[in-house]
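The primary structure of each chain is shown beneath.
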Amino acid sequence: MRMRWATALLIVALAAGSGCNSGSHSPADSVDEAAAKTVTVFAAASTTNAMDEVKAAFTADSGIEVHANYAASSTLAQQIVNGADPHVFLSANVGWADYVESSVTVESRHSLLSNRLVVIVPADSKLALEKVEDLVGGKVQYVALGDPEAVPAGKYAKQALVKLGLWEKLKGRVAAAKDVRHVLTYVETGAAEVGIVYATDAAVSDKVRVVAEIPAELTEPVLYPVVLLKRGAESESARAFYDFLGGPKAGKIFEKFGFVVLE
């Protein structure tokens, strides 16, 4: 009789344990759920401050975390083509968005923002510069630009200098940087007396001042395409973030940082 009771109790205990396991989540399930509520965006370095605030607003509204990788659009585009797999790509140049689209699957894309170029000097600089043409003539030893062969801000700057007939006189004095935020740093620290950056970069630093604006007609349009990649198309969270970027709340944040928000 005792043996029968022991056997019965063992069967009940095993059944109860089996029922508990069937309704619980394994550690792998938790990881999958967390991944589903995380979005990865590759964004142009010039959007860093604005995007940090946009990410925070999106997370506050949705509970979805956004991880950002900031760098030159050229660097990010090459990383994507070579196997990096973000959900969303925000480029500071149409050409690098085209490069990505020619190599990997793109679900959706549109031009989100616009910007403009300015000439900056350190805030305490004594240089007497009033226009772009003043960069020649011996006053300036080094001009910091994003790499003019790859970095969008540098490419735009070179286009303007070529149209003004200044490039051949200045190219030997160009300090090329890996992205536009490094240009800003060069000027902030005095490593270069002058730099050409986006107006939005100059606006976030109290260590530089703008001495000239570069007319928009001297460059191709400075546009920021936002791209929803294949991985993003397969994620509800990424789709939600992509839509949020084009919405009014994100638009107000981008405008606060000096970007022009496109319809």
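To be clear, the structure that these remarks concern was listed above.
Everything numeric here is computed off the predicted structure, so don't read it as measured data.

Turning to the overall build of the protein, a few remarks are in order. When its secondary structure is counted, the protein shows twelve helices and eleven strands. Considering the protein as a whole, with its 263 residues, one finds that 46% of them fall into the buried category. Partitioning the intrachain contacts of the protein with sequence separation of at least 6 by distance along the chain shows that 76% fall at a separation of at least 24. Surface accessibility of the protein: about 13,200 Å² in total, with carbon and sulfur atoms responsible for 54%.

Here the focus is the packing of aromatic side chains. Scanning all chains against the criterion turns up six aromatic pairs. Ring centres of Tyr-198 and Tyr-224 lie 6.0 Å apart, and the angle between their planes is 55°; on these two criteria the pair is classed as tilted. Remark: Tyr-224 occurs in strand E10 (residues 223-229) and Tyr-198 occurs in strand E8 (residues 194-198); sequence separation between them is 26 residues. Residue class for Tyr-224 comes out buried when judged on its relative accessible area of 0%. Relative to Phe-259, the ring of Phe-254 lies with its centre 5.9 Å away and its plane at 85°, an arrangement referred to as edge-to-face. Owing to a relative accessible area of 0%, Phe-254 belongs among the buried residues under this scheme. Grouped by ring-pair contacts, the aromatic residues Tyr-198, Tyr-224, Phe-254 and Phe-259 constitute a single cluster.

So, about the nonpolar core. Among soluble globular proteins, nonpolar side chains are generally buried collectively. In this structure, Leu-135, Phe-241 and Phe-254 are the most contacted members of the largest nonpolar core, which totals 68 residues. Once residues within four sequence positions are removed from consideration, Phe-241 is found in contact with Val-39, Val-41, Met-51, Val-54, Phe-58, Val-66 and Val-88. Listed in part, the 13 residues of the second largest apolar core include Ala-77, Val-100, Ala-150 and Val-227.

Before going further, it helps to spend a moment on helix H4 (residues 73-81). Among the residues making up H4, those that are buried are Ser-73, Ser-74, Leu-76, Ala-77 and Ile-80. For H4, the arc enclosing every buried residue in end-on projection is 165°, short of the 170-degree limit, so these residues lie on one face. Buried residues belonging to H4 abut strand E1 (38-44), strand E2 (65-71), strand E3 (88-90), helix H5 (94-101), helix H6 (152-163) and E10. With its phi angle positive at about 120°, Gly-83 sits one or two positions after the end of H4.

Attention shifts here to the packing of helix H3 (residues 48-62) against helix H11 (residues 236-245). The N-to-C vectors of H3 and H11 enclose an angle of 125°; their axes lie 11 Å apart at closest approach. Between H3 and H11, the interaxial angle falls into the category oblique. Between H3 and H11 the crossing geometry is right-handed. Residues Met-51, Val-54, Ala-57, Phe-58 and Asp-61 of H3 form the contact with H11, whose participating residues are Ser-237, Ala-240, Phe-241, Phe-244 and Leu-245. Of the residues belonging to the contact of H3 with H11, the class tally is eight nonpolar, one polar and one charged.

The next thing to look at is empty space enclosed by the protein. Under the criterion given, the structure shown has one cavity of 30 Å³ or more. In this structure, the largest cavity occupies an estimated 60 Å³ of space.

We now examine the pattern of salt bridges. Using the criterion set out here, one finds eleven salt bridges in the structure. Across the salt bridge formed by Glu-53 and Lys-256, the nearest N and O atoms sit 2.5 Å from each other. Residue Glu-53 is found in helix H3, and its partner Lys-256 is found in helix H12 (residues 248-256); the two are separated by 203 residues along the sequence. The exposure class assigned to Lys-256 is exposed, which follows from its relative accessible area of 54%. For the salt bridge of Glu-149 with Lys-158, the shortest nitrogen-to-oxygen distance reads 3.0 Å. Judged by relative accessible area, which is 55%, Glu-149 ranks as exposed. Through salt bridges with shared partners, one network takes in Asp-98, Glu-101 and Arg-109.

Definitions and limits used
Residues numbered from 1 in each chain as written. Predicted model: local features only at pLDDT ≥ 70, side-chain atom pairs only at ≥ 80, totals over all residues. Heavy atoms only, no water. Helix = DSSP H or I, 4+ residues; strand = E, 2+ residues; numbered from the N terminus. Buried < 20%, exposed > 50% of the residue type's maximum accessible area, 1.4 Å probe, protein only. Contact = heavy atoms within 4.5 Å. Areas by Shrake-Rupley, 256 points an atom, 1.4 Å probe, with all protein chains shown as cover. Phe/Tyr/Trp six-rings, centres within 6.5 Å; stacked < 30°, edge-to-face > 60°. Core = buried A, V, L, I, M, F, W, Y, C linked by side-chain atoms within 4.5 Å. Arc of directions from axis to C-beta. Axes fitted to C-alpha atoms, helices over the stretch in contact; angles between N-to-C directions. Parallel < 35°, antiparallel > 145°, perpendicular 65-115°, else oblique. Left-handed = near helix turned anticlockwise from the far one by under 90°. Nonpolar A, V, L, I, M, F, W, Y, C, P; charged D, E, K, R; others polar. 1 Å grid on protein atoms, 1.4 Å probe; cavity = no way out; pocket = protein on both sides within 12 Å on 5 of 7 lines; lining within 4 Å. Points joined across faces, edges and corners; volume = space filled by probe spheres on them. Salt bridge = Lys/Arg side-chain N within 4 Å of Asp/Glu carboxyl O.

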